[in-house]
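# Architecture at a glance
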Amino acid sequence: MNFFLKLQFLLLAVLLASVGCRSTADYEKKADDVAYFYISNTWSEVSAGTNTFTIERPSDTLRKKLFTEQQLISYTNNISSDKNFTNEIVFIPLGDAIQIAAQNNNDYQKTKEGIFETALTLRLEDHKFETSYQGMISALLSSSNPGGDDDSTGVKGSADAGFSKKFETGASLSGKLAFDLVKLLTLDKSSAYGLLADLSVSIPLLRGAGVDVNTESLTQAQRNLLYSLRSFVQYRQDFIFSVSRSYLNTIETKQKIVNAEENYKRINTSTERILSLADAGRMSANDVGQALQDRISSENSVIAAKNSYATQLDSLKMLIGLPPDAMIEIDERETVRLEELSKSKELIDLAFLEEDITTDLTYQSFSNRQDFLNIIDRVDDAERKVNLAANNLKADLTLDLGASVGESKGIGSSEDASFRIDEGSYSAILKMDLPWDRTSEMVAFRKSLINYDNSLYNLRDKEDNIKFEIRQDVRNIVELDKTLILQKEAVRIASNRVESTELFMQAGRVEVRDLLNAQNALFRAQDSLTSAVVSLYLSGMQLELDTGKLEVPENL
């Protein structure tokens, strides 16, 4: 008995050790490897670029660096004296802002993690068609009728192993092999063993039969991963456009500070001259009042422009995943680039915007837009769901095959079990369940037909929306290009008007109000020119986005 118990505990210990010694880190790594495997295999269907997808964030993100170096306020971290503390402003160009956003923006990270979860779901569906193994070891000390004449006391040890397998056709196979070893502690202290083997097969012949029916959940899981990666490719383009738009709007707001400050300098210079003329008796009190009021208004415009810039800059910081109190500024070189664009003769190439170009651009959108490709494939999904619902309307006809050889032993047994195949138990059963009541299946089938029609409606609506977007983009570019030309001319005219009005006022040929109006007109024209440059640049990016051609960095 001692040897038997030791053997049982040894086998049990080996089993527990083989299962329990794996750490949570091992399971995490295994899950990561599986998810990345599925993502990598599907990525080639979505993009021709290199697959750099990962949900792991860099350990040295700018956000972490700023909290340390700039001693930013945090709920979890107290501000403390640090030798690395610096109050230097970090200047970020547009390209770096996009990279920083990809590393720090939480919505961007959540989108990637959603794809990762979809890949894990695919693993579960794939696992359903893999062979599953199970086994158990147990030991039992038992006594029946203690103290009586037929007292049977002993130790029973058992070990069993089994497997199950589901095939894509719908058939299922399961088997089990069990071993019993009994050691009696009474009577002649004999021992006995039992050996039992079971095998069963179930094959659906009507309802639930067929590869398409049984692999539907796996197929849909594969499609869902494809859809999520396509959506991510589209999301990255939208994300780049959003960051670029926020960044350029911030540049525009900063340039408007420059415009407001230049306007204030002009008005202040004119006001000082008017005050001097008033002291000489050459200007009326009304003229002085108008000049002073405009100087106050122009100064207030500077304050409002600076406040608007600070708000826009904070919004940009949060969009790229940085705290609003971080000492961040847009790169001055980007502002200079905007000024150069405003002076250039042609901001965007309009040669391709011929009258019939919208048709070609629309076809490009149909080929490149990942969201449109998803809608096309969802029509196929809806069609498969119709076929699946139709299969559920059929009768249940199943062939069950079974075989059992051997027998198990209990404490009261003292003879070894026989294990002879010719003495086994075999069965073949054909079960049929006629479709007397298929109400729920009927409703599901009719709904699947409606869903299929809805998928076609969605496809049609998406086609129309894309056509509208492309046509509108082309119209906007043509309009904004003409607007930019007009605004450049408006600035030139306003500048000349200010210069001539100042000369005329000095000669006493115009009133103060004429000069102030000219200066304000120049200020408004400069702001309008800045807005026109940014709007035209963004409209070109919008067209690239709507045609699915907006360039995305490989490591984003």
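So, how was this worked out
- Residues numbered from 1 in each chain as written.
- Predicted model: local features only at pLDDT ≥ 70, side-chain atom pairs only at ≥ 80, totals over all residues.
- Heavy atoms only, no water.
- Helix = DSSP H or I, 4+ residues; strand = E, 2+ residues; numbered from the N terminus.
- Buried < 20%, exposed > 50% of the residue type's maximum accessible area, 1.4 Å probe, protein only.
- Contact = heavy atoms within 4.5 Å.
- Areas by Shrake-Rupley, 256 points an atom, 1.4 Å probe, with all protein chains shown as cover.
- Expected span 1.5 Å × (residues − 1).
- Polar contact = N/O pair within 3.5 Å; in protein donor to acceptor, adjacent residues only side chain to side chain.
- Salt bridge = Lys/Arg side-chain N within 4 Å of Asp/Glu carboxyl O.
- pLDDT = per-residue confidence, 0-100.
- Phe/Tyr/Trp six-rings, centres within 6.5 Å; stacked < 30°, edge-to-face > 60°.
- Lys NZ or Arg CZ within 6 Å of the ring centre and 35° of its normal.
- Axes fitted to C-alpha atoms, helices over the stretch in contact; angles between N-to-C directions.
- Parallel < 35°, antiparallel > 145°, perpendicular 65-115°, else oblique.
- Left-handed = near helix turned anticlockwise from the far one by under 90°.
- Nonpolar A, V, L, I, M, F, W, Y, C, P; charged D, E, K, R; others polar.

## A closer look at the overall build of the protein chain
Looking only at helices and strands, one finds 13 helices and eight strands in the protein chain. With 556 residues in all, the protein chain has 39% of them scored as buried. Contacts in the protein chain between residues at least 24 apart in sequence constitute 78% of all its contacts with a sequence separation of at least 6. Put simply, the protein chain shows about 31,200 Å² of open surface, and 54% of that area lies on carbon and sulfur atoms.

## So, helix α13 (residues 512-546)
Its 35 residues place the ends of α13 50 Å apart at the C-alpha level, agreeing with the 51 Å of an ideal helix rising 1.5 Å per residue. The buried fraction of α13 is high, at 26 of 35 residues. Following α13 by one or two positions, Gly 548 has its phi on the positive side, about 75°.

## Quick word on the environment of Thr 121
With respect to the helices and strands, the residue Thr 121 is situated in helix α5 (residues 106-127). In sequence terms Thr 121 and Gln 222 are 101 residues apart; their C-alpha atoms lie 9.3 Å from each other.

## Let's talk about α5
A rise of 1.5 Å per residue sets the reference length of α5, with its 22 residues, at 32 Å; its end C-alpha atoms lie 31 Å apart and thus fit the reference within 8%. Taken residue by residue, α5 has Tyr 108, Gln 109, Lys 112, Ile 115, Phe 116, Thr 118, Ala 119, Leu 122 and Glu 125 as its buried positions.

## Quick word on the side chain of Asp 294
Inspection of the secondary structure assignment puts Asp 294 in helix α8 (residues 285-319). Polar side-chain contacts of Asp 294 include one of 3.2 Å to the side chain of Asn 520. Excluding residues within four positions of it along the chain, Asp 294 makes contact with Ile 267, Arg 513, Leu 516 and Asn 520.

## Regarding the pattern of salt bridges
Under the counting rule described, the total for this entry stands at 25 salt bridges. We note a salt bridge from Arg 384 to Glu 216, for which the minimum N-O separation is 2.9 Å. With a gap of 168 residues between them, Arg 384 in helix α11 (residues 370-391) and Glu 216 in helix α7 (residues 216-279) connect regions that are remote in the sequence. Summarising the burial analysis for this pair, Arg 384 and Glu 216 share the class buried. We note a salt bridge from Lys 317 to Asp 314, for which the minimum N-O separation is 3.5 Å. Highlighted residues: Lys 317 and Asp 314, both in helix α8, separated by three residues, approximately one helical turn. Overall, Lys 317 belongs to the buried group, its relative accessible area being 6%. Salt bridges sharing common partners tie together Glu 216, Arg 223, Asp 381, Arg 384 and Lys 385.

## Quick look at the confidence of the model for the protein chain
Chain-level pLDDT for the protein chain is 84 on average; 83% of the residues reach the 70-or-more range. Per-element mean pLDDT across the protein chain ranges from 50 in helix α1 (residues 2-20) up to 96 in α11. Across residues 1-9, confidence stays below pLDDT 50; counting only partners more than four residues off in sequence or on other chains, it has 12 contacts.

## Overview of the packing of aromatic side chains
Here the distance between the centres and the angle between the planes together describe a pair of aromatic rings. Summed over all chains, the structure comprises nine aromatic pairs. Both rings, one in Phe 37 and one in Tyr 38, keep their centres 5.7 Å apart while their planes meet at 65°; by these two values the pair is edge-to-face. On the basis of relative accessible area, Phe 37 is assigned to the partly exposed category, the value being 48%. On the accessibility criterion, Tyr 38 (12% relative accessible area) is buried. Ring geometry for Tyr 235 and Phe 239: centres 5.9 Å apart, planes at 25°, overall stacked. Within this pair, Tyr 235 and its partner Phe 239 are both found in helix α7, separated by four residues, close to a single helical turn. Judged by its relative accessible area of 22%, Tyr 235 is partly exposed. Through a chain of ring-to-ring contacts, three or more aromatic side chains come together here, namely Phe 53, Tyr 108, Phe 232, Tyr 235 and Phe 239. Above the ring of Phe 53, the side-chain terminus of Lys 112 is found at 5.9 Å from the ring centroid. The ring of Phe 167 carries Lys 165 above its face, with NZ or CZ at 5.6 Å from the centroid.

## Focus on the packing of α8 against α13
The description of two helices packed together rests on the angle between their axes and the distance between the axes. Where α8 meets α13, the axes come as close as 9 Å, and the angle between the chain directions of the two elements is 15°. By the criterion of interaxial angle, the relationship of α8 to α13 is roughly parallel. Where α8 crosses over α13, the two elements pack in a sense that is left-handed. Judged by residue contacts, Asp 287, Gln 290, Ala 291, Asp 294 and Ser 301 of α8 engage Val 512, Arg 513, Leu 516, Asn 520 and Phe 523 from α13. When the residues that make up the contact of α8 with α13 are grouped by side-chain class, the tally is four nonpolar, three polar and three charged.

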